[in-house]
Amino acid sequence: MKIGEYNKLMINRFVDFGAYLIDEEDNEVLLPKRYLTGDEELDDEIEVFVYNDSENRPVATTEQPFATVGQFCLMRVKAVNAIGAFLDWGLAAKDLLVPFREQRVRMQAGRSYIVYVYLDPSSKRIVASAKLDKFLSNKLPDYYHRQKVDVLVVQQQEIGYRVIVDGKHWGMIYNNELYQQVNIGEHHTGFIKQVRQDDGKIDVTLAKIEKMRIDDVADDILRFLQENGGAMTLNDKSSPEDILKVFNCSKKDFKKALGLLYKQHKITLGNKVSLILNSAAL
(Lines give C-alpha, C1' and ligand atoms only; values in the text may rest on other atoms or scores of the structure.)
Protein backbone atom coordinates (compact mmCIF):
# COMPACT_ATOMS: atom_id res chain seq x y z
CA MET A 1 0.00 0.00 0.00
CA LYS A 2 1.55 3.27 -1.12
CA ILE A 3 1.26 6.13 1.36
CA GLY A 4 0.77 9.50 -0.32
CA GLU A 5 -0.45 7.97 -3.58
CA TYR A 6 -3.59 6.57 -5.17
CA ASN A 7 -4.26 2.89 -4.55
CA LYS A 8 -6.83 0.48 -6.01
CA LEU A 9 -8.05 -1.50 -3.00
CA MET A 10 -10.79 -4.03 -2.31
CA ILE A 11 -13.53 -3.67 0.31
CA ASN A 12 -12.81 -6.34 2.92
CA ARG A 13 -15.38 -5.56 5.64
CA PHE A 14 -17.86 -2.93 6.76
CA VAL A 15 -17.98 -1.38 10.22
CA ASP A 16 -20.23 1.24 11.79
CA PHE A 17 -17.72 4.01 11.05
CA GLY A 18 -16.75 3.02 7.50
CA ALA A 19 -15.18 0.20 5.54
CA TYR A 20 -11.83 -1.50 5.72
CA LEU A 21 -10.00 -1.87 2.42
CA ILE A 22 -7.19 -4.31 1.70
CA ASP A 23 -4.40 -4.50 -0.84
CA GLU A 24 -2.98 -7.62 -2.48
CA GLU A 25 -0.92 -8.36 0.63
CA ASP A 26 -3.97 -8.07 2.91
CA ASN A 27 -2.82 -4.80 4.47
CA GLU A 28 -5.89 -2.94 5.77
CA VAL A 29 -6.78 0.74 5.75
CA LEU A 30 -9.94 2.48 6.91
CA LEU A 31 -12.16 4.40 4.51
CA PRO A 32 -14.34 6.59 6.82
CA LYS A 33 -18.11 6.35 6.46
CA ARG A 34 -18.47 9.87 5.05
CA TYR A 35 -16.73 8.72 1.85
CA LEU A 36 -19.13 5.81 1.26
CA THR A 37 -22.13 6.27 -1.05
CA GLY A 38 -24.11 3.31 0.29
CA ASP A 39 -23.92 1.41 -2.98
CA GLU A 40 -20.66 -0.38 -2.18
CA GLU A 41 -20.52 -4.14 -1.64
CA LEU A 42 -17.93 -6.55 -0.29
CA ASP A 43 -15.04 -7.25 -2.69
CA ASP A 44 -15.74 -4.07 -4.71
CA GLU A 45 -12.55 -2.43 -5.93
CA ILE A 46 -12.24 1.27 -5.24
CA GLU A 47 -9.54 3.83 -5.96
CA VAL A 48 -8.58 5.89 -2.93
CA PHE A 49 -5.82 8.20 -1.78
CA VAL A 50 -3.99 6.91 1.30
CA TYR A 51 -2.36 9.27 3.81
CA ASN A 52 -1.46 9.33 7.50
CA ASP A 53 -3.80 10.88 10.05
CA SER A 54 -2.71 12.99 13.04
CA GLU A 55 -1.68 9.83 14.93
CA ASN A 56 0.34 8.62 11.93
CA ARG A 57 -2.14 5.86 11.11
CA PRO A 58 -2.93 5.20 7.43
CA VAL A 59 -6.39 6.31 6.34
CA ALA A 60 -8.09 6.35 2.93
CA THR A 61 -10.14 9.03 1.23
CA THR A 62 -11.93 9.45 -2.08
CA GLU A 63 -10.98 13.13 -2.05
CA GLN A 64 -8.23 14.18 -4.44
CA PRO A 65 -5.31 16.19 -3.04
CA PHE A 66 -3.74 18.92 -5.13
CA ALA A 67 -0.55 16.84 -5.36
CA THR A 68 0.61 13.36 -4.43
CA VAL A 69 4.01 12.22 -3.17
CA GLY A 70 6.66 13.00 -5.78
CA GLN A 71 4.87 16.00 -7.28
CA PHE A 72 5.41 19.77 -7.27
CA CYS A 73 2.45 22.07 -6.71
CA LEU A 74 1.42 25.61 -5.77
CA MET A 75 -0.37 25.58 -2.41
CA ARG A 76 -1.69 28.23 -0.02
CA VAL A 77 -0.59 28.48 3.62
CA LYS A 78 -3.55 28.12 5.97
CA ALA A 79 -1.68 28.58 9.25
CA VAL A 80 1.76 28.81 10.81
CA ASN A 81 2.68 27.50 14.26
CA ALA A 82 5.73 26.49 16.28
CA ILE A 83 6.66 23.53 14.03
CA GLY A 84 6.07 24.99 10.59
CA ALA A 85 3.51 26.06 8.00
CA PHE A 86 0.36 24.12 7.16
CA LEU A 87 -0.82 24.12 3.56
CA ASP A 88 -4.26 23.68 2.06
CA TRP A 89 -3.70 20.33 0.39
CA GLY A 90 -7.21 19.81 -0.92
CA LEU A 91 -8.14 17.34 1.83
CA ALA A 92 -10.81 18.37 4.33
CA ALA A 93 -9.36 16.36 7.21
CA LYS A 94 -5.66 16.94 6.65
CA ASP A 95 -3.37 19.90 6.02
CA LEU A 96 0.16 19.45 4.70
CA LEU A 97 3.10 20.43 6.92
CA VAL A 98 6.16 22.30 5.68
CA PRO A 99 8.66 22.15 8.57
CA PHE A 100 10.71 25.29 9.15
CA ARG A 101 13.84 23.47 7.98
CA GLU A 102 12.17 22.91 4.58
CA GLN A 103 11.21 26.56 4.05
CA ARG A 104 13.40 28.62 1.75
CA VAL A 105 11.98 31.77 3.31
CA ARG A 106 9.65 31.95 6.31
CA MET A 107 6.19 31.17 4.97
CA GLN A 108 3.27 33.44 5.77
CA ALA A 109 -0.39 32.56 6.22
CA GLY A 110 -2.49 33.46 3.18
CA ARG A 111 0.40 33.33 0.72
CA SER A 112 1.03 30.56 -1.81
CA TYR A 113 4.28 28.72 -2.54
CA ILE A 114 5.53 26.06 -4.91
CA VAL A 115 6.41 22.97 -2.86
CA TYR A 116 7.45 19.37 -3.38
CA VAL A 117 5.47 16.63 -1.63
CA TYR A 118 7.43 13.70 -0.23
CA LEU A 119 7.37 10.94 2.38
CA ASP A 120 9.77 11.80 5.17
CA PRO A 121 12.04 8.74 5.63
CA SER A 122 12.43 9.18 9.40
CA SER A 123 8.88 10.01 10.51
CA LYS A 124 7.11 8.20 7.62
CA ARG A 125 4.81 11.21 7.37
CA ILE A 126 3.85 13.07 4.22
CA VAL A 127 5.39 16.53 4.30
CA ALA A 128 6.33 19.25 1.81
CA SER A 129 9.44 21.27 1.06
CA ALA A 130 9.96 24.63 -0.61
CA LYS A 131 13.65 23.82 -1.18
CA LEU A 132 13.04 22.61 -4.71
CA ASP A 133 16.63 22.22 -5.89
CA LYS A 134 17.30 19.10 -3.87
CA PHE A 135 14.41 17.28 -5.55
CA LEU A 136 15.51 18.07 -9.11
CA SER A 137 18.09 16.19 -11.15
CA ASN A 138 21.57 17.63 -11.70
CA LYS A 139 22.28 15.19 -14.52
CA LEU A 140 22.42 16.38 -18.13
CA PRO A 141 18.92 15.73 -19.50
CA ASP A 142 18.55 13.71 -22.68
CA TYR A 143 15.94 15.67 -24.62
CA TYR A 144 15.67 16.11 -28.37
CA HIS A 145 14.74 19.31 -30.20
CA ARG A 146 11.01 20.06 -30.05
CA GLN A 147 10.29 17.19 -27.67
CA LYS A 148 6.96 17.70 -25.93
CA VAL A 149 7.26 18.16 -22.16
CA ASP A 150 5.19 19.24 -19.18
CA VAL A 151 6.25 22.54 -17.62
CA LEU A 152 5.26 23.95 -14.24
CA VAL A 153 5.60 27.73 -13.98
CA VAL A 154 7.57 28.46 -10.80
CA GLN A 155 9.04 31.95 -10.79
CA GLN A 156 8.91 35.15 -12.86
CA GLN A 157 12.31 36.65 -13.63
CA GLU A 158 13.41 39.66 -15.66
CA ILE A 159 14.07 37.59 -18.81
CA GLY A 160 11.10 35.25 -18.52
CA TYR A 161 9.73 32.46 -16.36
CA ARG A 162 11.64 29.76 -14.56
CA VAL A 163 9.87 26.43 -14.93
CA ILE A 164 10.21 22.82 -13.84
CA VAL A 165 10.36 20.46 -16.81
CA ASP A 166 8.66 17.06 -16.46
CA GLY A 167 9.03 17.31 -12.68
CA LYS A 168 12.77 16.68 -13.03
CA HIS A 169 14.76 19.67 -14.34
CA TRP A 170 14.92 23.46 -14.25
CA GLY A 171 14.06 25.25 -17.48
CA MET A 172 13.43 28.76 -18.77
CA ILE A 173 10.75 30.28 -21.00
CA TYR A 174 11.80 33.67 -22.38
CA ASN A 175 9.52 36.70 -22.50
CA ASN A 176 10.09 37.34 -26.21
CA GLU A 177 8.64 33.90 -27.02
CA LEU A 178 5.50 34.19 -24.91
CA TYR A 179 2.26 34.78 -26.80
CA GLN A 180 -0.05 33.75 -23.99
CA GLN A 181 -0.49 34.64 -20.36
CA VAL A 182 1.08 32.31 -17.82
CA ASN A 183 0.73 32.29 -14.06
CA ILE A 184 2.78 30.81 -11.24
CA GLY A 185 1.64 27.29 -10.43
CA GLU A 186 0.16 26.54 -13.86
CA HIS A 187 1.06 23.49 -15.91
CA HIS A 188 1.55 23.94 -19.66
CA THR A 189 2.61 21.78 -22.56
CA GLY A 190 6.02 22.96 -23.71
CA PHE A 191 8.59 22.05 -26.34
CA ILE A 192 12.35 21.74 -25.88
CA LYS A 193 14.35 24.37 -27.75
CA GLN A 194 17.78 23.37 -26.55
CA VAL A 195 19.71 21.75 -23.73
CA ARG A 196 22.91 23.68 -23.12
CA GLN A 197 25.75 21.22 -23.00
CA ASP A 198 27.96 23.43 -20.83
CA ASP A 199 25.60 23.80 -17.88
CA GLY A 200 22.63 21.51 -18.67
CA LYS A 201 20.14 24.40 -18.61
CA ILE A 202 17.01 23.88 -20.67
CA ASP A 203 15.37 26.46 -22.91
CA VAL A 204 11.67 25.74 -23.40
CA THR A 205 9.01 27.30 -25.59
CA LEU A 206 5.22 27.05 -25.39
CA ALA A 207 4.99 27.58 -29.14
CA LYS A 208 4.17 24.47 -31.14
CA ILE A 209 6.06 23.53 -34.28
CA GLU A 210 5.27 25.99 -37.02
CA LYS A 211 2.77 23.92 -38.99
CA MET A 212 0.74 23.16 -35.86
CA ARG A 213 0.82 26.82 -34.83
CA ILE A 214 -0.28 28.05 -38.25
CA ASP A 215 -3.14 25.56 -38.41
CA ASP A 216 -4.33 26.65 -34.96
CA VAL A 217 -4.20 30.34 -35.86
CA ALA A 218 -6.06 29.65 -39.12
CA ASP A 219 -8.79 27.87 -37.16
CA ASP A 220 -8.99 30.83 -34.77
CA ILE A 221 -9.35 33.25 -37.69
CA LEU A 222 -12.19 31.26 -39.24
CA ARG A 223 -13.94 31.01 -35.88
CA PHE A 224 -13.58 34.75 -35.32
CA LEU A 225 -15.01 35.50 -38.74
CA GLN A 226 -17.95 33.17 -38.24
CA GLU A 227 -18.75 34.84 -34.94
CA ASN A 228 -18.39 38.39 -36.30
CA GLY A 229 -20.45 38.50 -39.46
CA GLY A 230 -17.77 37.15 -41.81
CA ALA A 231 -15.45 40.15 -41.72
CA MET A 232 -12.77 41.75 -39.55
CA THR A 233 -10.57 44.80 -39.71
CA LEU A 234 -7.33 43.00 -38.90
CA ASN A 235 -5.12 42.17 -41.86
CA ASP A 236 -1.47 41.60 -42.72
CA LYS A 237 -0.72 45.29 -42.20
CA SER A 238 -2.17 45.44 -38.69
CA SER A 239 0.15 46.07 -35.77
CA PRO A 240 1.69 43.12 -33.91
CA GLU A 241 0.08 44.43 -30.73
CA ASP A 242 -3.44 44.35 -32.20
CA ILE A 243 -2.90 40.87 -33.63
CA LEU A 244 -1.54 39.59 -30.32
CA LYS A 245 -4.52 41.04 -28.45
CA VAL A 246 -7.11 39.28 -30.63
CA PHE A 247 -5.40 36.05 -31.70
CA ASN A 248 -2.66 35.60 -29.09
CA CYS A 249 0.00 34.96 -31.74
CA SER A 250 2.85 36.70 -33.53
CA LYS A 251 2.28 38.80 -36.65
CA LYS A 252 4.44 36.34 -38.60
CA ASP A 253 2.19 33.41 -37.74
CA PHE A 254 -0.91 35.52 -38.40
CA LYS A 255 0.26 36.40 -41.91
CA LYS A 256 1.10 32.79 -42.69
CA ALA A 257 -2.33 31.69 -41.48
CA LEU A 258 -3.96 34.28 -43.73
CA GLY A 259 -1.93 32.98 -46.66
CA LEU A 260 -2.96 29.41 -45.87
CA LEU A 261 -6.66 30.29 -45.73
CA TYR A 262 -6.40 32.31 -48.94
CA LYS A 263 -4.80 29.37 -50.76
CA GLN A 264 -7.57 27.12 -49.44
CA HIS A 265 -10.15 29.57 -50.88
CA LYS A 266 -11.72 30.03 -47.46
CA ILE A 267 -11.22 33.77 -47.32
CA THR A 268 -10.77 36.67 -49.69
CA LEU A 269 -8.50 39.60 -49.04
CA GLY A 270 -10.41 42.80 -49.73
CA ASN A 271 -9.06 46.13 -50.88
CA LYS A 272 -9.80 47.62 -47.50
CA VAL A 273 -8.43 46.53 -44.14
CA SER A 274 -10.80 43.60 -43.89
CA LEU A 275 -11.14 39.90 -44.50
CA ILE A 276 -14.29 38.49 -46.00
CA LEU A 277 -15.21 34.87 -45.45
CA ASN A 278 -16.48 33.10 -48.55
CA SER A 279 -20.15 32.28 -48.22
CA ALA A 280 -19.43 28.58 -48.82
CA ALA A 281 -17.32 28.44 -45.68
CA LEU A 282 -19.89 30.06 -43.40
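Just above, that's the structure.
Below or above, wherever it landed, is the structure these notes cover. (Residues numbered from 1 in each chain as written. Predicted model: local features only at pLDDT ≥ 70, side-chain atom pairs only at ≥ 80, totals over all residues. Heavy atoms only, no water.)

What about the side chain of T68?
Right, on to step 1. Tracing the chain through its elements places T68 in the loop between strand 5 (58–61) and strand 6 (72–80).
Right, on to step 2. Assessed through its relative accessible area of 11%, T68 is described here as buried.
Right, on to step 3. Ignoring any residue separated from it by four or fewer positions in sequence, one finds T68 in contact with G4, Y6, F49 and V117. (Helix = DSSP H or I, 4+ residues; strand = E, 2+ residues; numbered from the N terminus. Buried < 20%, exposed > 50% of the residue type's maximum accessible area, 1.4 Å probe, protein only. Contact = heavy atoms within 4.5 Å.)

Considerations on the pattern of salt bridges
Any two side chains of opposite charge can pair, so long as their charged atoms come close to each other.
Right, on to step 1. Considering all chains together, one arrives at 12 salt bridges under this definition.
Right, on to step 2. A salt bridge links R101 to D120, with the nearest nitrogen and oxygen atoms 3.9 Å apart. Residue R101 is found in the loop between strand 8 (94–99) and strand 9 (112–119), and its partner D120 is found in the loop between strand 9 and strand 10 (126–129); the two are separated by 19 residues along the sequence.
Right, on to step 3. The buried category is assigned to D120, whose relative accessible area is 7%.
Right, on to step 4. The partner of K134 in a salt bridge is E102, with the nearest N and O atoms 2.9 Å apart. Residue K134 is found in the loop between strand 10 and strand 11 (148–157), and its partner E102 is found in the loop between strand 8 and strand 9; the two are separated by 32 residues along the sequence.
Right, on to step 5. The buried category is assigned to E102, whose relative accessible area is 6%.
Right, on to step 6. Each of D53, E55 and R57 takes part in a single network of salt bridges with overlapping partners. (Salt bridge = Lys/Arg side-chain N within 4 Å of Asp/Glu carboxyl O.)

Some words on the layout of surface pockets
Right, on to step 1. Of the pockets and cavities examined, the largest pocket occupies roughly 560 Å³.
Right, on to step 2. Around the largest pocket, the lining is made up of 24 residues, and of these L206, A207, K208, R213 and N248 lie nearest the centre.
Right, on to step 3. Breaking the lining of the largest pocket down by element, the ones donating at least two residues are strand 14 (187–195), helix 1 (210–227) and helix 3 (251–263).
Right, on to step 4. When residues in the lining of the largest pocket are grouped by element, the largest group, five residues, is from helix 1.
Right, on to step 5. Partitioning the lining of the largest pocket into residue classes produces eight nonpolar, six polar and 10 charged. (1 Å grid on protein atoms, 1.4 Å probe; cavity = no way out; pocket = protein on both sides within 12 Å on 5 of 7 lines; lining within 4 Å. Points joined across faces, edges and corners; volume = space filled by probe spheres on them. Nonpolar A, V, L, I, M, F, W, Y, C, P; charged D, E, K, R; others polar.)

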